[in-house]
Amino acid sequence: MTSPYQPGAAPSPSCPAQAVPPPQEQAPPPGCPAHGAPQHQAPAQPDAHAPVKLYGPDFAADPHRFYRHLRQYGALAPVEIAPDVTAMLVTDYRAALDLLNDDATWSKDSREWMTTVPQDTPVMPMLMWRPNVFYSDGPAHVRYRDVIVDSFKLVEPHELRARVQHAADTLIQRFGARGEADLIADYARLIPLLMFNSLFGLPDSYSERLIAAIGGMLEGNSPEEAAAANEAFTTYIMELVGSKKGQRGPDLTSWFMDHPNALNDEELIHNIILVMGAGNEPLANLIGNALSRMLSDDRYYNTLSGGALTVHDAINEVLWNDPPLTNYSAHFPVRDVFFHGTWVRAGQLVMVSYAAANSQFDTTEALAPGSGSGSHLSWAAGPHACPVKRHALLIATTAIERLTAWLSDIELAVDHSELEWRNGAFHRALAALPARFTPISPDQAGATPWHNSDRSPMSSTRPEPTSTARQPASAH
Ligand code: HEM
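Summarised in this report is the structure supplied together with it. In this text, all values refer to a predicted model and were calculated from it rather than measured experimentally. The residue count restarts for each chain, going from 1 along the sequence in the order it is written. It should be noted that, the model being predicted, local features are given only for residues of pLDDT at least 70 and side-chain atom pairs only at 80 or more, the latter also being counted only at that level, while totals for whole chains, interfaces and linings use all residues. Water and hydrogen atoms were dropped before computing side-chain values, which therefore reflect all heavy atoms in the structure.

### Description of the site of the ligand
Turning to step 1, where the next piece is worked out: The environment of the ligand is made up of 28 residues, and the closest members are His141, Arg145, Ser329, His384 and Cys386.
Turning to step 2, where the next piece is worked out: Within the contact set of the ligand, an oxygen atom lies 3.0 Å away from a side-chain nitrogen or oxygen of Lys108.
Turning to step 3, where the next piece is worked out: When residues of the shell around the ligand are traced back to their parent elements, those giving at least two are α6 (138-153), α13 (265-294) and β6 (327-333).
Turning to step 4, where the next piece is worked out: Helix numbering and strand numbering both begin at the N terminus, where a helix is a DSSP run of H or I of at least 4 residues and a strand a DSSP run of E of at least 2. Looking at the shell around the ligand, the element that brings in the most residues is α13, giving 7 residues. Any residue with a heavy atom lying within 4 Å of a molecule or strand is counted as near it. Within 3.5 Å is the distance limit for a polar contact, defined as a pair of N or O atoms, with the added protein rule that one can donate a hydrogen and the other accept it, and that residues adjacent in sequence qualify only through two side-chain atoms.

### Quick word on the coordination of the iron atom of the ligand
Note on metal sites: the ideal angle is 109.5 degrees for four tetrahedral donors, and 90 or 180 degrees for six octahedral donors.
Turning to step 1, where the next piece is worked out: Sites may look incomplete, because water is not among the atoms used; the donor set itself consists of N, O and S atoms within 2.8 Å of the metal (3.2 Å for Na, K and Ca). Counting protein donors to the iron atom of the ligand gives just one, Cys386 (SG), placed at 2.4 Å.
Turning to step 2, where the next piece is worked out: One can find Cys386 in the loop between α17 (363-366) and α18 (389-406).

### What to know about the pairing of β6
Two faces belong to every sheet, and in a regular strand the side chains alternate between them.
Turning to step 1, where the next piece is worked out: Buried residues dominate β6, accounting for 7 of its 7 residues.
Turning to step 2, where the next piece is worked out: When DSSP finds two or more bridges between two strands, those strands count as paired. Across 3 bridges, the pairing between β6 and strand β9 (residues 350-353) is antiparallel. In the sheet register, Tyr328 faces β9, and the bridge partner there is Val352. Remark: exposure states derive from per-residue accessible area (1.4 Å probe, protein chains only) relative to the maximum for the residue type, with buried under 20%, exposed over 50%, and partly exposed in between.

### So, the packing of helix α11 (residues 223-246) against α13
Turning to step 1, where the next piece is worked out: Relative orientation of the contacting elements α11 and α13 amounts to 120°, with a least axis distance of 11 Å. When the interaxial angle is binned, α11 and α13 end up oblique. Handedness of the crossing formed by α11 with α13: right-handed. Taking contact as the criterion, the partners of Phe233, Tyr236, Ile237, Met238, Leu240, Val241 and Lys245 in α11 are, on α13, Asp265, Leu268, Ile269, Ile272, Ile273 and Met276.
Turning to step 2, where the next piece is worked out: For this classification, Asp, Glu, Lys and Arg are treated as charged, while Ala, Val, Leu, Ile, Met, Phe, Trp, Tyr, Cys and Pro are nonpolar and the rest, including Gly, are polar. For the contact of α11 with α13, the class distribution of residues is 11 nonpolar, no polar and 2 charged. Axis lines are fitted through C-alpha atoms, for helices just across the contact stretch, and the angle between N-to-C directions can take any value from 0 to 180 degrees. Oblique is the label for any angle not under 35 degrees, not over 145, and not in the 65 to 115 range, which are roughly parallel, roughly antiparallel and roughly perpendicular in turn. Two helices crossing with the near one rotated counterclockwise from the far one by less than a right angle form a left-handed crossing, whereas a clockwise rotation gives a right-handed crossing. Here a residue-residue contact requires only that any non-hydrogen atoms of the pair lie within 4.5 Å.

### Quick notes on the pattern of salt bridges
Turning to step 1, where the next piece is worked out: The term salt bridge refers to a pairing of a side-chain nitrogen on Lys or Arg with a carboxyl oxygen on Asp or Glu at a separation within 4 Å. The tally for this structure, following the rule as stated, stands at 18 salt bridges.
Turning to step 2, where the next piece is worked out: Where Glu317 meets Arg293, a salt bridge forms, and the shortest distance between an N and an O atom there is 3.0 Å. Of this pair, Glu317 sits in helix α15 (residues 311-321) while Arg293 is found in helix α13, placing the two residues 24 residues apart along the sequence. In terms of burial, Glu317 and Arg293 fall into one category: buried.
Turning to step 3, where the next piece is worked out: Here Asp322 and Arg293 are joined by a salt bridge, their closest N and O atoms 3.1 Å apart. Residue Asp322 is located in the loop between α15 and β6, and its partner Arg293 is located in helix α13; the two are separated by 29 residues in the primary sequence.
Turning to step 4, where the next piece is worked out: Accessibility expressed as a relative area gives 18% for Arg293, which makes it buried.
Turning to step 5, where the next piece is worked out: Overlapping salt bridges bring together Arg293, Asp297, Arg299, Glu317, Asp322 and Arg428 as one network.

### Thoughts on the pairing of β9
Turning to step 1, where the next piece is worked out: A two-sided burial pattern is seen for β9, the buried positions comprising Val350 and Val352 on one face and Met351 and Ser353 on the other.
Turning to step 2, where the next piece is worked out: Summarising the sheet, strand β3 (residues 85-90) and β9 pair through 3 bridges and their orientation is parallel. Counted as the bridge partner of Val90 is Val352 from β9.

### Structural notes on the nonpolar core
Turning to step 1, where the next piece is worked out: What we call a nonpolar core is a set of buried Ala, Val, Leu, Ile, Met, Phe, Trp, Tyr and Cys residues that are connected through their side-chain atoms within 4.5 Å. Core analysis: the biggest nonpolar cluster contains 134 residues, and Ile81, Tyr187, Ile191 and Met276 have the highest contact counts within it.
Turning to step 2, where the next piece is worked out: Sort the elements by how many residues they give to this core and α13 lands first, with 12 residues.
Turning to step 3, where the next piece is worked out: For Ile191, the residues in contact, after removing those within four places along its chain, are Ala167, Ala168, Leu171, Ile287, Ile395 and Ala399.

### Focus: the side chain of His259
Turning to step 1, where the next piece is worked out: Positionally, His259 belongs in the loop between α12 (252-258) and α13.
Turning to step 2, where the next piece is worked out: Its relative accessible area of 10% is what places His259 among the buried residues.
Turning to step 3, where the next piece is worked out: In terms of polar contacts, His259 uses its side chain to reach the backbone amide nitrogen of Asn261, at 3.0 Å.
Turning to step 4, where the next piece is worked out: If we ignore the near neighbours within four places in the chain, the residues touching His259 are Asp146, Val147 and Asp150.

This is the structure we're talking about:
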């Protein structure tokens, strides 16, 4: 008789949890269906083989508790990423690297898998196949990826920094006089959209349309609202491509169009959408998560007035501990495979938990002064690793530096423990980040980003802080 835990055994065709032994009993994560009474939901029947839910308030509140629990299964653990959508999650660092670097065994093509799950599942937009860099393998992947990498190489760092400063100043202008802001809704989520609007070559006047469309897709409270936002986004992209067909410019759209790999119209549009989609949420989360650390940790508070840790440290800490994209790298094995102790069926969804893999290490080492961020997995690894991490880092760093330079006494308006995280298996995203600061007023001539003739918004000069220092709040 063969065992499902040994090489050579036929893998079970059904529940992914059947392919792995149930974990030894240790402190379960709250809400784990395999254990006793959860905090938010009453389980019908505790079931040690049930996949662990990676959505809902319990996971959002304390994902690392879930990862510790999942590691008891071995390198892979059975999870549910949405109702009736299961996956195997790689939580082991070595296994994650093996998977990410083996594109002969692991495909990104989700087309077969899509036929096996509810068509209206909320995770479909994150996993649905399209003709773009994300879902392709081998030469097709290289062909798309070259277009993206080569085009981003043409974006000069000093010019990128100036664009971020302009975007930052535009946003700070909107809320600076209020003395308070939600740094997620008012800043972190808007910076990437202003940046993409600019990098893809449309004037600022178009950015509101992009913000409304993407905001509606994320927040759409009804199917009708979501459909309208999707329609608005499609129109935005069609107008973008149409305008650049008429007249090229020094922008990503034009460089994508003229790349020697000659994408056809469908490929061009899907890869522009992919770049905006792939960059938007993780970049917003990187900025938001780093800001939340800086504003709730004395070491960073001190930084704002000349202290110990820098924006770079905050970003590094986020990349190790709260990766903006937390579980992703969706792959499907091209054949049944025995992988790090577990049978995985051909075509089964397997994802990598960057957060769980990173947490195998002692992150204090990563925070040591001068240490690099070399070995966390938050940009993934292998052929599909994030191709623009340098640009993303520069945008996030500049956006945070610009904000904290203008609003030097900025502090959290609530205790850090009251911050809420958005639900979902893929992202580590704050729902809101309420902050307060001494208002900077538009009538303070020369003291604000928008009334200062010496420092035009496109200037790369870092402004001097203009707010008066405030005592740290109890939240610090
Ligand atoms: C300017 C902002 C960004 C852009 C334009 C961008 C773009 C992309 C693109 C095009 C890919 C697909 C690469 C491929 O399949 O070959 C990708 C992958 C990835 N990016 Fe980024 N990205 C950005 C920011 C970020 C940030 C801030 C993070 C988080 C730290 C991140 C993490 C990742 C990861 C983990 C992958 C691999 C995902 C997977 O294979 O499922 N990216 N990114």
